[in-house]
Structure formats: structure tokens, C-alpha cells
Amino acid sequence: WPKKSIPCWDPATLDFLGEVPACGEAEVTAMVQKARLAQAEWQKSSFAQRRFLLRTLQNFVLNNMETICTVACRDSGKTVIDAMVGE
């Protein structure tokens, strides 16, 4: 991929939203390695720690559902209902 960034467009309006960096093979490999290290740490955590973190994430999603759905609709062209069910 010769480009350094990927343009993002609103599929409903074709408005330009911005750009995200395009990663090369070395960057992707580094991210995969970082994820593997994180998974190894997650594996060491107790059930109580995992439950706490997942409940915290659940509360964040529930408390920010409107914003999450708005972004999903803008970025994917989904309807609000589809965003609520699918995101």
C-alpha cells in the first residue's frame, strides 16, 4: 500500500471525515505482537478482575450508546436501529 493515509467519507452524504494512517507490514506485525503480550497479561488476571473490567466497559457503552450509534451511523451508513443492535 503506497499511501500513507486512508481517506474516510460519510457514505450517506459523501462528506470528507478525515484520514487515518495506513500501516505497513512492520507496523501491523508490531501491533500483533503487542496484542499477544496484552492477551498473555489478560490470561493471568482473575475472574473478578475480568468481570470488573468488562462491567466497566459495559457501563461505558450503555452510558454512551447515543454517541456510539451516531458515530456508527455516520461512518457506516447504518440506520440508528441497526447501529443499536449491531454496535
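Here the structure is shown first, and the text comes after it.
Caption draft 1: The arrangement of helix H3 (residues 65-76) in detail. Taking 1.5 Å per residue as the helical rise, H3 with its twelve residues ought to reach 16 Å, and the 16 Å between its terminal C-alpha atoms agrees with that figure. For H3, the complete set of buried residues consists of Cys69, Ala72 and Cys73. Projection of H3 onto a plane perpendicular to its axis shows the buried side chains occupying an angular sector of 100°, all on one side. Remark: Gly77 follows H3 within two positions and exhibits a positive phi of approximately 80°.

Caption draft 2: Main features of a nonpolar patch on the surface. A surface patch of nonpolar side chains, about 700 Å² in accessible area, is lined by Trp42, Phe52, Leu53, Leu54, Leu57, Phe60 and Val61. Topologically, Phe52 is positioned in helix H2 (residues 47-63). Overall, Phe52 belongs to the exposed group, its relative accessible area being 59%.

Caption draft 3: Looking closely at unusual backbone geometry. Notably, Leu14 is not glycine yet its phi reads approximately 65°, a positive angle. Note that Leu14 resides in the loop between strand E1 (5-9) and strand E2 (16-21).

Caption draft 4: Structural detail: the pattern of salt bridges. The final tally for this structure, using the stated rule, is two salt bridges. Here Lys44 makes a salt bridge to Glu41, at a shortest N to O gap of 3.1 Å. One end of the pair, Lys44, and the other, Glu41, are both in helix H1 (residues 25-44), three residues apart, so they sit about a helical turn from each other. A residue is classified by how much of its surface remains accessible, and Lys44, at 63% relative accessible area, is exposed.

Procedures and definitions
Residues numbered from 1 in each chain as written. Predicted model: local features only at pLDDT ≥ 70, side-chain atom pairs only at ≥ 80, totals over all residues. Heavy atoms only, no water. Helix = DSSP H or I, 4+ residues; strand = E, 2+ residues; numbered from the N terminus. Expected span 1.5 Å × (residues − 1). Buried < 20%, exposed > 50% of the residue type's maximum accessible area, 1.4 Å probe, protein only. Arc of directions from axis to C-beta. Patch = residues over 30% accessible without salt bridge, like charges linked within 9 Å, V, L, I, M, F, W, Y side chains within 5 Å. Areas by Shrake-Rupley, 256 points an atom, 1.4 Å probe, with all protein chains shown as cover. Salt bridge = Lys/Arg side-chain N within 4 Å of Asp/Glu carboxyl O.

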